[in-house]
Amino acid sequence: MDKIWLIIQREYLTRVRKKSFLIMSLLAPLLLAGTTIGIAKLSGSSEADVVAVRDESGQQLLQHLTSTEDVRFVPATGNSLYEATTAFKEAKPKQQALLYFPPSFTLDNSKGIQLLADGNVSLKRQSNIRKAINKTVGTLKMSRSGLNQTTIDNLNANVEMDAVDLTQVGGRKNNVGATTGAAYVLSILVYMFIFIYGVQVMRGVSEEKSSRIMEVMLSSVKPFQLMMGKILGIAAVVFTQFALWIALSWGLTTLAAPLLADSVRKSPPVAAASGVQEATADRDAAAYNATTATAPEAPTVSTSPWDFLDGLPVATIIGGFLFFFLGGYLLYSSMFAAIGAAVDDQTDAQQFMFPVTIPLILSYIVSINVIINGDPNGPLAFWLSMIPFTSPIAMVMRLPFGVPLWQLLLSAALLVSGFIFTTWVASRIYRVGVLMYGKKVNYRELSRWMFYKG
Amino acid sequence: MQPILQAIDVHKAYAAHTALSGVSLDIPERSIFGLLGPNGAGKTSLIRIITQITAADSGEIRVRGEKLNPRHIGQIGYLPEERGLYKKMKVGEQLLYLAQLRGLSKADATQRIKGWIDRLELKPWVNKNVEDLSKGMQQKVQFIATVLHEPSIIILDEPFSGFDPINANLIKDEILELRERGATIIFSTHRMESVEELCDNIALINRSHKVLDGSVRDIKDTFKTQTYVVEGRGRLMVTHPDFEVLEHKERENGHFYDRIKLHAGTTPNDLLRYLIHNVEVHAFREQIPSINDIFIRRVQETMPESLVETTPA
């Protein structure tokens, strides 16, 4: 045990002392803080799209097209479509697109509408504009059929809906944005770090092999100790990096918080909108709390950048993230270690990396579709978060949505047995591979190594 | 005296070939033991079993009568033929690390490293990365790493390869010095001149079998062919019932050089008596086979069908 500790120390210290480690540790939080501030600035200044409208149909559509938070409609300048096209491009303030209603357009023949823009118009923008036109045409049709404006206004339902998560204490309002965001960020962190540091393990092993120090090492320590020492040493590096990042990001974001608050205040439409939302939320929450006879929460108004964490099971997420990351890392890095041991140089490693990276990549892609875009508690999501090869990513992705305790524990137990199994297999391959030089290995050879004696 | 290291009927087979079949060895304490054999004979396999890198399929290794176990790791020092160090690690740190892995305490290791560094003139290199050192320097560092924990058994696999003559001599002196201080040295090589110079005992392994072992002197005695070299002046009888002239060379002024093999029952003194009566003797010496000759002879004897060994190590 002393020896494995020495190996862990060496692996850890040689990596932490590297300049690249220091640079990564400092740069990443700066980048994170930078992007956070950047996004805040950008979203603060984002205004409704301006769409110029050229109506040749004579239906007075522009008057009826109601501008919303997202789109504002203005009349196009110029006497022809061609002139309008050039005019909207040079317009100030900037106009994003030109909406054209052809002369053939009537309420019953709505074909031929065109949206002209430089480059592609995003789907979201198109759908906003389409919605506005639909609503206008609908209203016009209704008024043509003899309904008066008040009736029409009454007919147009303007529904607002809040999703309330009952698993949360006091039935907090469900913050889908934060949940989804957390699911994305955490799972991509797991994916990236397993990959980056798994490959580091592999490179470390193949460097040891190609520098021919293996025989000296193995006359002092067991191959298993050498392999686990490296894997755990690198794991310690990852956690150090995490700790540094969290500390630095927290420090930087706290420093940057006043800046964020400023930029929010500078953008009245968004601030107003969110103000309304908050008020509604508070009222609803109060109403809900009243019905469930819990003490109403004091409406807190804070400008902390960590507000988005409200409503998430933070402790479970952090604990789960650390556990599943470590488990996944141990599972995959032992396989990477076996690859490093089996091949003579790193170009040969490619063919063996493929089957190891495929489950990793697939579990990320499939999980996004199944969990974030689908049902986070559905049967497929369940199985993905149970199989040890996919669970590190899938379970971490499910965590922000709330996972029943028994599933967490079952998945954790399966992951532990999973990495014990891969580590065992890997160590069998490793111990033969590290002393095998000048031999092209294939899968059959590898499977034979597993059953070598001694 | 109990041998410090014993191999008893050791077998080891890999998927494709047999590396060792029934090899038994006794290695006496405080000796320099030469483990000889052509490439692929099984030397490295045997060493890897002794150093506990692999295990034997059957048979056992005993250290001072005790079955080999992990506690022995600290008593064995091993310099493999394939040498390497961590390239990006400083010389001092590397030595400390390797010594600690062999069970030395940090304080002990630091002190001993200092001693060895001074001895082998590596002082200016202590804080350099290994990759900045010349190959010879790296070899010295490796040698230090092998003996730092003062093992009682030191295994050196081709220790002189890669050393220039000056450093090779330095290492040779260190090896002799280590034996003086009580270490047993196992020497795996196919460089015969160093064997004759250093080894007290040898074992010859060929194609997974031990084909010969014993003290260098005994082996040489066994392989003596009762052949004597005679130089002198005069005329020597070519046929004689007691001996046979294997080679005869005439030199100027009636000088000659002969190699003479004695028949069974004839002593060198008989030959000498005959010579003294018949010719003027300038030189008379026994032709002693070199270890190299013995090595080649035994290998060829045990390898009738081909002289070239192709099985990889």
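Residues numbered from 1 in each chain as written. Chains lettered and ligands numbered in written order. Predicted model: local features only at pLDDT ≥ 70, side-chain atom pairs only at ≥ 80, totals over all residues.

Novice: Describe the overall build of chain A, and please don't skip the residues or the numbers.
Specialist: When you go through chain A residue by residue, the secondary structure sums to 16 helices and four strands. Per-residue burial over chain A gives 31% buried out of 454 residues. Nonlocal contacts in chain A, meaning residues at least 24 apart in sequence, comprise 73% of its contacts between residues at least 6 apart. (Helix = DSSP H or I, 4+ residues; strand = E, 2+ residues; numbered from the N terminus. Buried ≥ 20, exposed ≤ 12 C-beta atoms within 10 Å, placed from the backbone. Contact = placed C-beta atoms within 7 Å.)

Novice: Give me the lowdown on the overall build of chain B, citing residues and values where you can.
Specialist: Broken down by element type, chain B carries nine helices and 14 strands. By its C-alpha atoms, chain B is 75 × 45 × 40 Å across when sized along the principal axes. Expressed as a percentage of its 313 residues, the buried residues of chain B come to 36%. A sequence separation of at least 24 residues applies to 69% of the contacts in chain B between residues at least 6 apart.

Novice: Give me the lowdown on the nonpolar core, citing residues and values where you can.
Specialist: The biggest cluster of nonpolar side chains holds 138 residues, and the ones touching the most others in it are A337 and I339 of chain A together with L95 and I155 of chain B. At 15 residues, helix α11 (residues 314-342) of chain A tops the list of elements feeding residues into this core. Aside from chain neighbours lying at most four places away, what touches I339 of chain A is M202, A349, F352, M353 and V356 of chain A. Counting residues in hydrophobic clusters, the runner-up holds 20 residues, among them L65, A76, Y100 and V137 of chain A. (Core = buried A, V, L, I, M, F, W, Y, C linked by C-beta atoms within 7 Å.)

Novice: So what's going on with the packing of α11 of chain A against helix α15 (residues 405-433) of chain A? Which residues, and what values?
Specialist: Residue and element names in this part refer to chain A. For the pair α11 and α15, the least separation of the axes is 8 Å and the interaxial angle reads 20°. One way to sum up the angle between α11 and α15 is to call them roughly parallel. Where α11 crosses over α15, the handedness of that crossing is left-handed. Contacts between α11 and α15 pair G320, F323, F324, G327, L330, L331, S334, M335, A337, A338, A341 and A342 from the former with L408, A412, L415, V416, G418, F419, T422, T423, A426, I429, Y430 and G433 from the latter. Here the contact of α11 with α15 is built from residues that sort into 17 nonpolar, seven polar and no charged. (Axes fitted to C-alpha atoms, helices over the stretch in contact; angles between N-to-C directions. Parallel < 35°, antiparallel > 145°, perpendicular 65-115°, else oblique. Left-handed = near helix turned anticlockwise from the far one by under 90°. Nonpolar A, V, L, I, M, F, W, Y, C, P; charged D, E, K, R; others polar.)

Novice: Describe the confidence of the model for chain A, naming the residues involved and giving the relevant values.
Specialist: All names here are of chain A. Scored by pLDDT, chain A comes out at a mean of 78, with 79% of its residues at no less than 70. Per-residue pLDDT, averaged within each element of chain A, yields its smallest value for helix α10 (residues 268-291) (42) and its largest for helix α1 (residues 2-16) (91). Note on residues 266-303: pLDDT under 50 across the span, and 26 contacts to partners over four residues away in sequence or across chains. (pLDDT = per-residue confidence, 0-100.)

Novice: Give me the lowdown on the interface of chain A and chain B, citing residues and values where you can.
Specialist: Contacts between the two partners involve 16 residues from chain A and, on the opposite side, 24 residues from chain B. Within the residue set of the side of chain A that touches chain B, elements represented by two or more residues are α1 and α8 (214-218) of chain A. Of all the elements, α1 of chain A adds the most residues to the side of chain A that touches chain B, at four residues. Here the residues of the side of chain A that touches chain B are counted per class, giving five nonpolar, five polar and six charged.

Novice: Lay out the pairing of strand β13 (residues 255-262) of chain B in plain terms, naming residues and giving numbers.
Specialist: Residue and element names in this part refer to chain B. In this sheet, β13 lies alongside strand β11 (residues 227-233) in antiparallel orientation, the contact comprising seven bridges. For V229, the partnering residue across the bridge sits in β13 and is R259. Counting the residues that bridge the hairpin from strand β12 (residues 243-250) to β13 gives four residues, and of these N253 lies at a positive phi of roughly 60°. (Pairing = 2+ DSSP bridges.)

Novice: With reference to specific residues and values, describe the domain arrangement of chain A.
Specialist: Interface size is commonly expressed as the accessible area that is lost once the parts come together. According to the domain assignment, chain A consists of domain 1 (2-40 + 175-261 + 305-449) and domain 2 (48-155). On a C-alpha basis, the centroid separation for the pair domain 1 of chain A and domain 2 of chain A is 51 Å. (Domains from an automatic or database assignment.)

Novice: Explain helix α5 (residues 165-180) of chain B to me, using residue names and the numbers behind them.
Specialist: The end-to-end C-alpha distance of α5 of chain B, which contains 16 residues, comes to 22 Å, matching closely the 22 Å that a straight helix rising 1.5 Å per residue would cover. After α5 of chain B finishes, the residue G182 of chain B shows a positive phi value of roughly 110°. (Expected span 1.5 Å × (residues − 1).)

Novice: Explain the environment of T267 of chain B residue by residue, including any values.
Specialist: Residue and element names in this part refer to chain B. Along the chain, T267 falls in the loop between β13 and α8 (268-278). The exposure class assigned to T267 is exposed, which follows from the 11 C-beta atoms found within 10 Å. Distance from T267 to Q226, taken between C-alpha atoms, is 8.8 Å for residues 41 residues apart in sequence.

Novice: Could you give an account of unusual backbone geometry, with specific residues and numbers?
Specialist: Residues and elements named next belong to chain B. In this structure, D9 takes a positive phi of about 50° despite not being glycine. One can find D9 in strand β1 (residues 5-13). Within the chain, E158 stands out as a residue other than glycine whose phi angle is a positive 45°.

Novice: Outline the domain arrangement of chain B, listing residues and values.
Specialist: Here chain B is partitioned into domain 1 (5-215) and domain 2 (225-286). Its C-alpha centre places domain 1 of chain B at a distance of 46 Å from the equivalent point of domain 2 of chain B.

Novice: How would you summarise the sheet that holds β13 of chain B if you had to cite specific residues and measurements?
Specialist: Residue and element names in this part refer to chain B. The strand order β12-β13-β11-β14 describes an open sheet built from four strands, whose pairing is antiparallel. This sheet does not close on itself; its edge strands, each paired only once, are β12 and β14 (280-286). Neighbour-to-neighbour, the strand axes of this sheet turn through a mean angle of 20°, independent of strand direction. Examined bridge by bridge, β11 and β14 share six bridges and lie antiparallel to one another. Across the sheet, V229 pairs through a bridge with R285, a residue of β14. Against the sheet, α8 engages β11, β12, β13 and β14, with an angle of about 165° to β14.

Novice: Outline the packing of helix α2 (residues 91-101) of chain B against helix α3 (residues 106-119) of chain B, supporting the account with residue identities and numerical values.
Specialist: Residue and element names in this part refer to chain B. Where α2 contacts α3, the two axes come as close as 9 Å, and the packing angle between them is 130°. Classified by the angle their axes make, α2 and α3 are oblique. In the packing of α2 onto α3, the handedness of the crossing is right-handed. For the pair α2 and α3, the contacting residues are G92, L95, L96, A99 and Q100 in the first and K106, A109, T110 and I113 in the second. In terms of residue class, the contact of α2 with α3 is built from five nonpolar, three polar and one charged.

Novice: I'd like a description of the environment of L326 of chain A, backed by residues and values.
Specialist: Examined against the element boundaries, L326 of chain A turns out to sit in helix α11. Overall, the presence of 19 C-beta atoms within 10 Å leaves L326 of chain A in the partly exposed class.

Novice: How would you summarise the sheet that holds strand β7 (residues 153-157) of chain B if you had to cite specific residues and measurements?
Specialist: Paired through their backbone hydrogen bonds, the strands of a sheet run either parallel or antiparallel. Residue and element names in this part refer to chain B. Across the sheet, which stays open at both edges, the six strands sit in the order β6-β7-β8-β3-β9-β10 with mixed pairing between neighbours. Single-partner strands in this sheet number two, and they are β6 (76-79) and β10 (209-215). For this sheet, the mean inter-axis angle between neighbouring strands, taken without regard to orientation, is 15°. Two elements, strand β9 (residues 201-206) and β10, share six bridges in a ladder whose sense is antiparallel. When the sheet's bridge partners are listed, N201 is paired in β10 with S215. Sheet strands in contact with helix α1 (residues 43-50) are β3 (32-36), β7, β8 (184-189) and β9, and its direction is about 150° off that of β7. Helix α9 (residues 291-301) contacts β3, β9 and β10 of the sheet and is inclined by roughly 30° relative to β9.

Novice: Tell me about helix α5 (residues 123-144) of chain A, and name the residues and values.
Specialist: The first and last C-alpha atoms of α5 of chain A sit 31 Å apart over 22 residues, in line with the 32 Å expected at 1.5 Å per residue. The secondary structure elements touched by the buried residues of α5 of chain A are β1 (49-55), β2 (71-75), β3 (97-101) and β4 (114-116) of chain A.

Novice: How would you summarise the confidence of the model for chain B if you had to cite specific residues and measurements?
Specialist: In the predicted model, chain B carries a mean pLDDT of 86, and the fraction of residues at 70 or more is 96%. Across residues 306-313 of chain B, where pLDDT falls below 50, the model places 10 contacts with residues more than four positions away in sequence or in other chains.

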